[in-house]
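# Geometric and topological summary
Here is what each chain is made of, one letter per residue.
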Amino acid sequence: MSPNRSADRQWQQWLWLLIWTLLGAGLRFANLEGKPPWADEFRTLVLTVGNSFKSVPLNRVIDIQTLLAPLIPHPQVVLSKIIERVSIEDRQPPIYFGLAALWMQLFPPHGGLVSLWGARALPALIGTLTIPCGYIWSYLTFGTRPEDAPTARSIANFTAAMLAVSPYGVFIAQEARHYSLASLWTIVSINCLAIACRHLVSRQNLPLWPIAVWVSANILGMGTHYLFGIALIAQAITLGIVWRWQAHQAQLPNAALARRRVPPTWRRLAVAISTTTAGAAFWLWLFVANVDRTVPGWIDNPPHKLIEVFNPFFQILGAAISMLSLLLVEVTELPPITTLSDSPIDLNIPIVILSAILMLIFFVWVTPLLDRGVRSQWRQPQFQVETIAILWFTASALVLYLTLPWLTGIDITRGARYHFVYFPSLMMLLGLGLASCWRSKPSLAKWVSGKQAVTIVILMGVISSAIVASNYGYHKYYRPEQIVPIIGQSAPIPVLIATTHNSLIQVGEMMGLAWEMQHPEWQQLAAKTQFLLARQAQKFCERDCAATKLLGEIIARQSRSIDLWLINFNAPSNLPPTCVRSKKFTRGVYGYKYQLYHCRQPLNDATS
C-alpha cells in the first residue's frame, strides 16, 4: 500500500472517530434534564453539594422547603466531609463523588436548588470520552505490528461506533451516578489485560507502561464502584485460562511448567497483581470501616420462590440484549386514539408487543452474524490471544453475575446499571465482529452485504439510543411525573403525603415528588402539600407498628380536613372513622404504591 493511500485511510478513520464521538455526545446530552431525578441520583446531588440526607426531619410533618433543603448547595464544600458521608450514606467509594463535588462548583443553583443538568453533564461527558478511549485502546491492543494497522483501525472504529450508539451506554451516561466513570476504567483495564496476555503467550517482556496504566485503572476502578471487583476477579480467571492455554499450545506437562524458570513477564505480572490486590483491599477496608449497617440495600434479595432462582439468568439476558437494541418495550403513557365510532384504542400494548417481536428477530439475526465475525478474528494468529482474552473476560464476568446472587443472596442483576462491568468488553466483541462483517458478505445473511449488515446494526443502536434519551426506554426506577398529576386531581384542600422510613431511600423517594412539584404547573399543589416520614426499624411491619401509631396521632391532631396520601407506606394505616379510603385512587405507578384517604373534620370542629 502506498504511503499516500495509507495516510488517506488514517485520516478517514480519525474522521469517523470524530463522527462517532459527536453522535455519542448528542445522544448523551439530549434531553438531559427532561427526566426526573430518582432516589440514587438525589444521593449524588445531596452529597456532592456538601449536605446529608440525615438532615431531613423524621416523625413530624414538614413542608416541601424543608424536604428539599439538602439540595441547596452548601456555601463552603469540604471535600473530606463529602468523602466521609459518601462512605456512610451511599456505601460507595469516594472518587467519583469527590470529582463531582469539584465539578458542581462550576454550575450555579437553579431556582435555589442544585443544578440537575450540571450533575448529569459530568457522567454524560465521561460517557462521551469512553468513545475515543475505546478507539485508542482497541487500536493499541490489536495494532501491534504495522501490517496489522488497517485491521486494527477497523476494529477500533467499530468498537467506538458501538460505544457511541449503545442504548445502555446512553442510559448510564444520563444517570447522575458513577457508572460511566467505572465503565471508562473498565475499558482501559480490559485492554491492558489483553496486552498482558499477548506478552504472556509470546513470552516477551511486558513493558512497564501498560503495567502502570493497568494497575492505576484497577485501583481507580475499585475506588469508583465496588462492583469493579467483579472485573478484577474476571481478569484473574482470564489470566489463569490464558496461561493454561499457552501451556497446552506448547504441549508442556505440569511438571515441566513447574521446572521452568519464571519468565520476566510473570514477575511483572506478579507486581501488577499484588499492587492491584493491595489497592482493592484498601477500598474494601474503607467500606467495612465506614459503612452504616443500618442502611439496607434494595438488591439484598435472596430468592424465596423456585422461579426466582432463574431471575438472574433472564435479567442478564435482558441487559445484554438492551446493550445492542432497545425499542418501545417499556412504553405505557401513549394516549389512546379514537376511531370513527368514538371508541378509544390503547396503543401501548400493541406497540410493546411489536417492539418485543422486532427486538427478538433482530437478536436472532445478529447473534450468529457477530459470532461468525468474532470467530473469523479468532482464527487470525495475530489477533487470536487478544480475542481469547476479551472473550474469556466477558464469559467470566457473566458467570460471576449469574452465580453471585445464588451464593450471597444479593441480586446484582436486578439493576441494569450494575451491568457496567462487562458492557465495554461486549462492545469490543461487537467491534471485532462488525470489522469482520464489513470486509465480507456473511453467509448467514445472504440478502444483505457485510456493509449493509453493519449499517443495520448501527442504525438499530441509534434508534434505540434515541428512545432512551427520550425517556421511552430505560425508565427511571421511580416515576414522580406520573403520580404528581394524580395527586393534583384531589380536592382543593391541604394534602399530607405519608411514607414509612426505614432507610435513606425513602428520603429520595419523597424528594422525587417534591422536586416534581417545583414545576410551574404544580405550584398550587406544592403550596398546600406537606410530608411525613414515619420511622420504623423494619421495611415491612404488620402489627404494633410505630409508624401506624404516629400516623394516627398526627391525623387526630388535625384541625382541618385534608387529603391523606399513603405512598409506599409499609404498615397498617388504622385511621379514625373520619378518614374514608378513596376507591378511585388505589393503584400505583412505577416506584410508588399509593392510597388516598379523605380525612374530613366536622364543620364545627374545623371552624372552631
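Residues numbered from 1 in each chain as written. Predicted model: local features only at pLDDT ≥ 70, side-chain atom pairs only at ≥ 80, totals over all residues. Heavy atoms only, no water.

Another aspect to go through is the overall build of the protein. Counting its secondary structure elements, the protein contains 23 helices and 9 strands. For the protein, buried positions account for 54% of its 608 residues. Long-range pairs, those at least 24 residues apart, make up 79% of the contacts in the protein with a sequence separation of at least 6. As displayed, the protein offers around 27,100 Å² of accessible surface, 63% of which is attributable to carbon and sulfur atoms. (Helix = DSSP H or I, 4+ residues; strand = E, 2+ residues; numbered from the N terminus. Buried < 20%, exposed > 50% of the residue type's maximum accessible area, 1.4 Å probe, protein only. Contact = heavy atoms within 4.5 Å. Areas by Shrake-Rupley, 256 points an atom, 1.4 Å probe, with all protein chains shown as cover.)

Moving on: the packing of aromatic side chains. Within this structure, the stated rule accounts for 25 aromatic pairs. Considering the side-chain rings of Trp 103 and Phe 107, the 5.3 Å spacing of their centres and the 45 degrees angle between planes classify their relative orientation as tilted. Pairing Tyr 168 with Phe 423 gives two aromatic rings, centres 5.1 Å apart and planes at 55 degrees, and the pair type is tilted. Separated by 255 residues along the polypeptide, Tyr 168 in helix H8 (residues 167-173) and Phe 423 in helix H17 (residues 423-438) bring together distant segments of the chain. In this structure Tyr 168 comes out as buried when scored by relative accessible area, which is 0%. Linked through ring pairs, Phe 29, Trp 103, Phe 107 and Trp 117 together constitute an aromatic cluster. When the ring centre of Tyr 477 is taken as origin, the NZ or CZ atom of Arg 417, which lies over that ring, is 4.6 Å away. (Phe/Tyr/Trp six-rings, centres within 6.5 Å; stacked < 30°, edge-to-face > 60°. Lys NZ or Arg CZ within 6 Å of the ring centre and 35° of its normal.)

Here the focus is unusual backbone geometry. Despite not being glycine, Asn 59 has its phi angle at roughly 60 degrees, a positive value. In this fold, Asn 59 is placed in the loop between helix H2 (39-48) and strand S1 (61-63). In this structure Asn 59 comes out as partly exposed when scored by relative accessible area, which is 35%. Here the phi dihedral of Asn 568 falls at roughly 50 degrees; this positive angle occurs in a residue that is not glycine. Within the element layout of this structure, Asn 568 appears in the loop between strand S6 (562-567) and strand S7 (579-581). Asn 568 gets classed as buried once you look at its relative accessible area, which sits at 9%.

All chains considered together, the criterion is met by 2 disulfides. Covalent S-S linkage joins Cys 541 and Cys 545, the inter-sulfur distance amounting to 1.9 Å. Between Cys 541 and Cys 545, the S-S dihedral sits near -100 degrees, and the bridge is therefore left-handed. Residue Cys 541 is classed as buried on the basis of its relative accessible area of 9%. A sulfur-sulfur distance of 2.1 Å marks the disulfide that ties Cys 579 to Cys 599. Here the S-S torsion is close to 115 degrees, and the disulfide linking Cys 579 with Cys 599 is therefore right-handed. On the criterion of sequence distance, the pair formed by Cys 579 in strand S7 and Cys 599 in strand S9 (residues 592-599) is long-range, its members being 20 residues apart. (Disulfide = S-S within 2.5 Å.)

Moving on: the nonpolar core. Membership of the largest hydrophobic core comes to 161 residues, with the highest contact counts inside it found for Leu 71, Ile 497, Met 511, Trp 565 and Ile 567. Beyond its immediate chain neighbours, meaning those up to four positions away, Met 511 contacts Phe 42, Val 46, Phe 53, Val 56, Leu 67, Leu 68, Pro 70 and Leu 71. Counting residues in each nonpolar core, the second largest holds 20 residues, with Leu 496, Leu 532, Phe 569 and Tyr 597 among its members. (Core = buried A, V, L, I, M, F, W, Y, C linked by side-chain atoms within 4.5 Å.)

Mapped onto the secondary structure, Ser 325 falls in the loop between helix H14 (311-322) and strand S2 (337-338). Those residues in contact with Ser 325 that lie beyond four places of it in its chain are Pro 167, Met 359, Phe 362, Met 460 and Ser 464.

Let's shift gears to the packing of helix H7 (residues 149-165) against helix H18 (residues 450-469). Where H7 contacts H18, the two axes come as close as 8 Å, and the packing angle between them is 25 degrees. Classified by the interaxial angle, the pair formed by H7 and H18 is roughly parallel. Between H7 and H18, the contacting residues are Phe 158, Ala 161, Met 162 and Val 165 on the first element and Val 454, Val 457, Ile 458, Gly 461, Val 462 and Ser 465 on the second. Split into classes, the residues belonging to the contact of H7 with H18 amount to 8 nonpolar, 2 polar and no charged. (Axes fitted to C-alpha atoms, helices over the stretch in contact; angles between N-to-C directions. Parallel < 35°, antiparallel > 145°, perpendicular 65-115°, else oblique. Nonpolar A, V, L, I, M, F, W, Y, C, P; charged D, E, K, R; others polar.)

For the protein, per-residue confidence averages 86 on the pLDDT scale, and 88% of positions sit at 70 or higher. Of the regions scoring below 50 in pLDDT, residues 604-608 engages in 3 contacts with residues more than four places distant in sequence or in other chains. (pLDDT = per-residue confidence, 0-100.)

Attention shifts here to the pairing of strand S5 (residues 529-535). A large share of S5 lies buried, amounting to 5 of its 7 residues. With 3 bridges connecting them, S1 and S5 associate as antiparallel partners. Within the sheet, the bridge partner assigned to Ile 62 lies in S5 and is Phe 531. In terms of strand pairing, strand S4 (residues 495-501) meets S5 through 7 bridges, oriented parallel. What sits directly across from Thr 499, in S5, is Leu 533. (Pairing = 2+ DSSP bridges.)

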